[in-house]
Amino acid sequence: MGGGGEKLPGQYMGWWGSLGSPPQKGITTYSLSPNRQRPLAGTLHAAIFNTFRRTRHQILYWAPPLIIAYSTMHWAIERNEYLNSKPGRAEFAEGEE
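Keep in mind it's a predicted model, so treat the numbers as computed, not measured.

### Details of the overall build of the protein
Link 1 in the chain: When helices and strands are counted, the protein shows 3 helices and 0 strands.
Link 2 in the chain: From first element to last, N terminus to C terminus, the protein shows the α and β order α-α-α.
Link 3 in the chain: By residue count, 3% of the 97 residues in the protein fall in the buried class.
Link 4 in the chain: With an accessible surface of roughly 9700 Å², the protein has 62% of that area assigned to carbon and sulfur atoms.

### Re a nonpolar patch on the surface
Link 1 in the chain: Where nonpolar side chains cluster on the molecular surface, the patch consists of Ile-59, Leu-60, Trp-62 and Leu-66 and spans about 440 Å² of accessible area.
Link 2 in the chain: Mapped onto the elements, Leu-66 comes out in helix α2 (residues 43–83).
Link 3 in the chain: The exposure class assigned to Leu-66 is exposed, which follows from its relative accessible area of 51%.

### A few points about the confidence of the model for the protein
Link 1 in the chain: The share of residues in the protein with pLDDT of 70 or more is 76%, and the mean pLDDT across the chain is 82.
Link 2 in the chain: Mean pLDDT values over the elements of the protein span from 73, in helix α1 (residues 34–37), up to 95, in α2.

### Let's talk about the packing of α2 against helix α3 (residues 86–93)
Link 1 in the chain: Orientation of α2 relative to α3, taken along the N-to-C sense of each, is 75 degrees, at an axis distance of 5 Å. In terms of orientation, α2 lies roughly perpendicular with respect to α3. Residue-level inspection shows Arg-79, Tyr-82 and Leu-83 of α2 in contact with α3, the latter providing Pro-87, Gly-88, Arg-89, Glu-91 and Phe-92.
Link 2 in the chain: Grouping the constituent residues of the contact of α2 with α3 by class yields 4 nonpolar, 1 polar and 3 charged.

About the criteria used
Here the residue numbering is sequential within each chain, running from 1 through the sequence in written order. The predicted nature of this model means local features are confined to residues of pLDDT at least 70 and side-chain atom pairs, given and counted, to a pLDDT of 80 or more, with totals for whole chains, interfaces and linings taken over all residues. Excluding hydrogens and water, the side-chain values take into account all heavy atoms of the structure. Segments assigned H or I by DSSP are reported as helices when at least four residues long, segments assigned E as strands when at least two residues long, and all are numbered from the N terminus. Exposure categories follow from relative accessible area, calculated using a 1.4 Å probe and restricted to protein chains: below 20% of the type maximum is buried, above 50% is exposed, and the middle band is partly exposed. In these tables, accessible area is a Shrake-Rupley quantity obtained with a 1.4 Å probe, and a residue counts as shielded only by the protein chains included in the view. The patch calculation keeps residues exceeding 30% relative accessible area without a salt bridge and links them within 9 Å when they carry like charges or within 5 Å when they are nonpolar (Val, Leu, Ile, Met, Phe, Trp, Tyr). When a carboxyl oxygen of Asp or Glu is within 4 Å of a side-chain nitrogen of Lys or Arg, the pair counts as a salt bridge. pLDDT runs from 0 to 100 and stands for how confident the predictor is about each residue. For every element, the axis is a line fit to its C-alpha atoms; helices are fit only across the contacting stretch, and the angle between N-to-C directions ranges from 0 to 180 degrees. Convention used here: angles under 35 degrees read as roughly parallel, angles over 145 as roughly antiparallel, angles from 65 to 115 as roughly perpendicular, and any remaining angle as oblique. In what follows, a contact means two residues having at least one pair of non-hydrogen atoms within 4.5 Å. Classification used: nonpolar for Ala, Val, Leu, Ile, Met, Phe, Trp, Tyr, Cys and Pro, charged for Asp, Glu, Lys and Arg, polar for all others including Gly.

Written as structure tokens, this is what we have:
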């Protein structure tokens with residue numbers, strides 16, 4: 001099979017790994033950790049429960065201003081519609097004359 005000696009172009013050197021060289025020393029092998037092999041493992045599960053947990057802890061910070069802003073906007077729209085209606089104009093037109 002492999003063997004030593006001088007190799008000439010076109011001469012059979014042996015099967016892969018038996019290329020006629022001395023045996024290798026200190027072969028180092030590398031492998032990937034499971035996290036590197038499956039980088040998105042558990043992402044969907046963690047996203048659902050983490051979003052629920054974070055929302056539950058933060059809802060008192062953003063819900064009251066949101067409710068106040070919505071109520072104010074709703075009141076302003078209704079008031080504007082009333083003031084631009086016939087009864088609203090009649091109510092406030094008396095002072096303009």
